[in-house]
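Geometric and topological summary
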Amino acid sequence: MTAQKSPISYQVKKTVVETSLLALAAAFEIVSRHAPEMKAELADWEDGRIFSLGVLPNGPAISLQKKGSEIHYLGKGYHNPKLKILFKNLDAAILPFTGQIGSHIAFVQRRAILHGNVGEAMQISRAMAIVQSYLMPGLVFSKIFKRPPKLTPAQLFLKARVMATIGPAIFMKIWK
Amino acid sequence: MIPQYYEFSCQVKIVSGLKALQNLPYEMDLLGAHRALIVTDQGVAGAGLIKLVESVFTGSNCEIGAIFDQTPPDSSSKVVNQVAKLFSNERCDCFVAVGGGSSIDTAKCANMVVTEGTDDLLKFQGAERLKKPMKPFIAIPTTAGTGSEVTMVAVIYDDVNHLKLAFTSIRLYPNVAILDPKMTLTMPPKITAATAMDALTHAVEGYYCLQKNPVSDAFAIGGIKLILENVEQCIKNGQDENARLALANGALLAGISFANSMVGIVHSIAHACGGVARVPHGLANSILLPWGMENNLEKAGAVIAELAPYLGASTKGSSLDQAKACIQAVRDLQKRLKDLSGLPTTLSEAGVKKEQFEAIAKAAVNDGSATYNPEDVTIEVVMGILNKAF
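Given the structure is predicted, the values throughout are model-derived calculations rather than measurements.

Calculation criteria
- Residues numbered from 1 in each chain as written.
- Chains lettered and ligands numbered in written order.
- Predicted model: local features only at pLDDT ≥ 70, side-chain atom pairs only at ≥ 80, totals over all residues.
- Heavy atoms only, no water.
- Salt bridge = Lys/Arg side-chain N within 4 Å of Asp/Glu carboxyl O.
- Helix = DSSP H or I, 4+ residues; strand = E, 2+ residues; numbered from the N terminus.
- Buried < 20%, exposed > 50% of the residue type's maximum accessible area, 1.4 Å probe, protein only.
- Expected span 1.5 Å × (residues − 1).
- Bend = angle between axes of the 7 residues up to and from the residue.
- Contact = heavy atoms within 4.5 Å.

For the rest of this paragraph, the subject is the pattern of salt bridges. All told, the structure shown has 23 salt bridges over all chains when counted by the stated rule. Between Arg336(B) and Glu232(B) there is a salt bridge, and its shortest N-O distance comes to 3.1 Å. Placement of Arg336(B) in helix H13 (residues 319-341) and of Glu232(B) in helix H7 (residues 214-236) is noted, with a sequence separation of 104 residues between them. In this structure Glu232(B) comes out as buried when scored by relative accessible area, which is 17%. In this structure, the salt-bridge partner of Lys388(B) is Glu294(B), at a minimum N-O distance of 3.7 Å. Taken together, the residues Lys388(B) in helix H15 (residues 379-389) and Glu294(B) in helix H10 (residues 281-295) connect sequence positions 94 residues apart. Its relative accessible area of 29% is what places Glu294(B) among the partly exposed residues. Among the charged side chains, a network of salt bridges with common partners joins Glu46(A), Arg49(A), Lys82(A) and Glu120(A).

Put into structure tokens, the structure is as follows:
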């Protein structure tokens, strides 16, 4: 007899990953509007670049696009992205989304794979690290960054703003 | 320490030894192939190595369908499509790459084009995008350095979009790698030194970078041992077939190691130096290796220290002392290779200009190898290394 995954544990994991992806999308939008280091990173990206993060084989996914100098959430699923960052399964995705490992470690351990250009993926990876510095508690910084960032007062203020607005922002994205 | 999680693969049959080349038709036959497309370059053909390959088909039921000997040092999508077209037009049924990394990567990519029935390689960029079984593929390296004969990676330049394209797939592994010392005897001393340092860099970076694992470690250590024991002899007496074979095996072991553990900042900057200042890859790695190790002392010093006995460094003192001794051992090797072969030890000697630093740094932080480096790879870090290595 083969053991089967509990449908409840699968649904819980799926919900965690879905919510984390929406939080990441919301934080991307807020941080790209206000953080100078994010604007500097985005300056080299071509306008209109669409990228997606998702879970294989048919797990949750989101698509984001650079428009002007900001990142905008396009919706759930894959919206004709130029580049995809794909986690091999829900367990692989939960680790970086819950701050247990850095997103670079997800690649290092081959829990995530890339479909697209490596140079562009490196840019996205840096942008994700910036977003994570505003989204994740300082407690997990040493686990998720090679060099944990030291946030300035202005960055801490923006982090507080992200924290204050992320809940409603996620809620607004649930149906998009 | 065992990593929390890792993956390891090497699906290449290795055929190594004096006269190993004679087995080429037999290996083709085993793969169900009988008409080979040889992918090589002018240097290899000019050195008479393709004549050696042609000679082994005498009396066999296999044949050479066509020879493509125009592979440039940095191959491109245009070249790949030419090779794929030749393969189809000449009704070949297997690829045989004879050369260094460029010829082997060109054959890997042409195999993708033929198998997937497309000339648009852009859509296969990234990891594990190839789903169809590929055509039989045999690699015969003529340098002892790149390790491309045992990796599942191919890199080429896209002429149309002016991009470097990288592909990773378990389907890109050659079926067979044939190591025959006859194929490396004609390598001049400086290229022997540079390619061996390339291999040493694969092993050393593979040992301390983030994707290291117990299996790749074993290959890295084996590689370091064979490379260091044989590189100087190969330069002093290029006709020493035993030393050549051992060095080729060292490069192969290093290749298996880094194909799984990946590499770090040395490769990030070396790739960028190649792209911006046309510095040959092995030479750039050779110059940058001690600086890259130094950059990782804080994060990976204890791991680097484990290499002390294999690098011929002092095993006395703290792990930091031993790691520093490893770096010194690499510098001492650089000096000996410079004396023996004229291999440059600084970026200025390699033709890099200071005004190129900014472009190199920008390219280096966007290189995929940066992900696997223990220390963060930033513009400032790369600029610091470039200035020191100049």
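Right, picking up where we left off after that structure.
This brings us to helix H7 (residues 153-173) of chain A. All names here are of chain A. With 21 residues, H7 should cover 30 Å at 1.5 Å per step; its first-to-last C-alpha distance of 29 Å lies within 8% of that length. Along H7, the largest kink reaches about 45° and is centred on Ile166; proline Pro168 follows within four residues of it. Of the positions making up H7, those classed as buried are Gln155, Leu158, Lys159, Val162, Ile166, Ala169, Ile170 and Lys173. On its buried side, H7 packs onto helix H1 (7-34), helix H2 (36-42), strand S3 (70-76), helix H5 (118-135) and helix H6 (141-144).

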